[in-house]
Amino acid sequence: MSKVSYYTAEGLKKLKSELSQLKDVERPKASQAIADARDKGDLSENAEYDAAKEAQGLLELKISKLEEVVANARVIDESQLDTSKVLIHSTVKIKNLANKMEVTYKLVAQSEANLKAGKISVDSPIGKGLLGKKVGEQAEIQVPNGTMTFEVLDISRD
């Protein structure tokens, strides 16, 4: 069973662009590499041919997985998001109660996550721990180095 993933319109456009690149540019290159290697003679002792076939197999697997992701992708209308609790595509300001540091994250699908841009995956420990929380609530989140406690300070949809 396939998992539905939620994306921004920009995120889905990026996925479709990557899929198009793989199908329209990379797939013909892989086929050409196989043809070139085949022209070099005996296939039983042709390492270049074997490598080209393996690369093509990996490419086809990547295309197949990306097609499945795109087929199960749903675009979220961010203007309709409920800001009373943390959901996917919410922008949430939290305070780490241990060190009093405040950070702001946007919760996104795993393929759109980019920590430098302040986007964390809803599948990450922090993302999962924040889902469903309301302003003023605390979330105790199990992370690799122990448990962290965060307080939700603000939820928005920007």
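These figures come from a predicted structure and were not determined experimentally. (Residues numbered from 1 in each chain as written. Predicted model: local features only at pLDDT ≥ 70, side-chain atom pairs only at ≥ 80, totals over all residues. Heavy atoms only, no water.)

Visitor: Explain the overall build of the chain here, please?
Guide: Of the regular secondary structure elements, the chain holds 3 helices and 7 strands. Start at the N end of the chain and walk to the C end: the helices and strands fall as β-α-α-β-β-β-β-α-β-β. A compact globule built from 158 residues should have a C-alpha radius of gyration of about 15 Å, whereas the chain, at 22 Å, is more than 25% larger. In terms of overall dimensions, the chain has C-alpha extents of about 70 × 35 × 30 Å along its principal axes. Out of the 158 residues belonging to the chain, those deemed buried represent 32%. Excluding contacts between residues fewer than 6 apart, the proportion of contacts in the chain whose partners are at least 24 apart in sequence is 51%. Accessible surface, the chain: about 9800 Å² in total, of which carbon and sulfur atoms supply 50%. Once the 24 positive and 25 negative side-chain charges of the chain are each reduced to a mean point, those two points are 6 Å apart. (Helix = DSSP H or I, 4+ residues; strand = E, 2+ residues; numbered from the N terminus. Rg over C-alpha atoms; globule rule 2.2 N^0.38 Å. Buried < 20%, exposed > 50% of the residue type's maximum accessible area, 1.4 Å probe, protein only. Contact = heavy atoms within 4.5 Å. Areas by Shrake-Rupley, 256 points an atom, 1.4 Å probe, with all protein chains shown as cover. Lys, Arg positive; Asp, Glu negative; His and termini not counted. Charge placed at Lys NZ, Arg CZ, Asp CG, Glu CD.)

Visitor: Looking at this model, I keep getting lost on the nonpolar core. Mind explaining?
Guide: Core analysis: the biggest nonpolar cluster contains 17 residues, and Val86, Val92, Ile94, Ile126, Leu130, Ile141 and Val152 have the highest contact counts within it. Of all the elements in the fold, those that place two or more residues in this core are strand 3 (91-96), strand 4 (102-108), helix 3 (125-130), strand 6 (138-143) and strand 7 (146-156). Setting aside anything within four residues of it in sequence, one finds valine 86 in contact with Val92, Leu107, Leu130, Leu131, Gly132, Lys133, Val152 and Ile155. Ranked by size, the runner-up nonpolar core spans 12 residues in total, among them Tyr7, Leu19, Ile63 and Ala73. (Core = buried A, V, L, I, M, F, W, Y, C linked by side-chain atoms within 4.5 Å.)

Visitor: Help me understand the packing of helix 1 (residues 9-38) against helix 2 (residues 47-71), please; the structure alone is not making it clear to me.
Guide: Relative placement of two packed helices is described by the angle separating their axes and the distance separating the axes. Here helix 1 crosses helix 2 at 160 degrees, and the two axes come no closer than 9 Å. When the interaxial angle is binned, helix 1 and helix 2 end up roughly antiparallel. Helix 1 and helix 2 meet at a crossing whose hand is left-handed. Taken together, the residues of the contact of helix 1 with helix 2 break down into 14 nonpolar, 2 polar and 11 charged. (Axes fitted to C-alpha atoms, helices over the stretch in contact; angles between N-to-C directions. Parallel < 35°, antiparallel > 145°, perpendicular 65-115°, else oblique. Left-handed = near helix turned anticlockwise from the far one by under 90°. Nonpolar A, V, L, I, M, F, W, Y, C, P; charged D, E, K, R; others polar.)

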